[in-house]
Amino acid sequence: MEYAVNGCEAVEKIMDAPSGHYQLVLMDVQMPVMNGYEATKAIRRLNDPTRAQVPILAMTADAFEEDRQKALRSGMNGHLTKPVEIDKLFEALDELLS
């Protein structure tokens, strides 16, 4: 498991890693420098389809339906609220990785 301290670093990690290195990104929405929505949009714009299509799951305290829709519109594949319920996390991971 690896982590990034901000959205810009997350995008750089995806870009710098070998294509296919990352199987899933757990993306915090509220981050400094570049938030999770912006980072997701940047990842989706990458030229390498394998990198650009990595599954991205929003992790946020923003729990309203409009927040979920915003995450999906930004290109994220799912939305989990904090505090994360482990059974929901495993369910989302199973769905995205199968």
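This report concerns the structure included in the present document. (Residues numbered from 1 in each chain as written. Predicted model: local features only at pLDDT ≥ 70, side-chain atom pairs only at ≥ 80, totals over all residues. Heavy atoms only, no water.)

### Some points on the pairing of strand β3 (residues 78-81)
Next up, step 1: Where strand β2 (residues 56-60) and β3 come together, four bridges link them in parallel fashion. Within the sheet, the bridge partner assigned to Ala58 lies in β3 and is His79. (Pairing = 2+ DSSP bridges. Helix = DSSP H or I, 4+ residues; strand = E, 2+ residues; numbered from the N terminus.)

### A short note on a negative patch on the surface
Next up, step 1: Side chains of Asp87, Glu91, Asp94 and Glu95 sit close together on the surface and give a patch of like negative charge.
Next up, step 2: Mapped onto the elements of the fold, Asp87 is located in helix α5 (residues 86-97).
Next up, step 3: Classification of Asp87 as exposed rests on a relative accessible area of 54%. (Patch = residues over 30% accessible without salt bridge, like charges linked within 9 Å, V, L, I, M, F, W, Y side chains within 5 Å. Areas by Shrake-Rupley, 256 points an atom, 1.4 Å probe, with all protein chains shown as cover. Salt bridge = Lys/Arg side-chain N within 4 Å of Asp/Glu carboxyl O. Lys, Arg positive; Asp, Glu negative; His and termini not counted. Charge placed at Lys NZ, Arg CZ, Asp CG, Glu CD. Buried < 20%, exposed > 50% of the residue type's maximum accessible area, 1.4 Å probe, protein only.)

### Description of helix α1 (residues 7-16)
Next up, step 1: Inspection of α1 places Gly7, Ala10, Val11 and Ile14 among the buried residues, and these make up the whole buried set. Buried residues of α1, viewed axially, fall in a sector of 95°; they line one side.
Next up, step 2: On its buried face, α1 sits against β1 (25-28), α2 (36-44) and α3 (49-52).
Next up, step 3: The N-cap residue of α1 is Asn6: its side-chain oxygen and the backbone nitrogen of Cys8 are 3.0 Å apart. (Arc of directions from axis to C-beta. Contact = heavy atoms within 4.5 Å. Polar contact = N/O pair within 3.5 Å; in protein donor to acceptor, adjacent residues only side chain to side chain.)

By themselves these figures say nothing about function.
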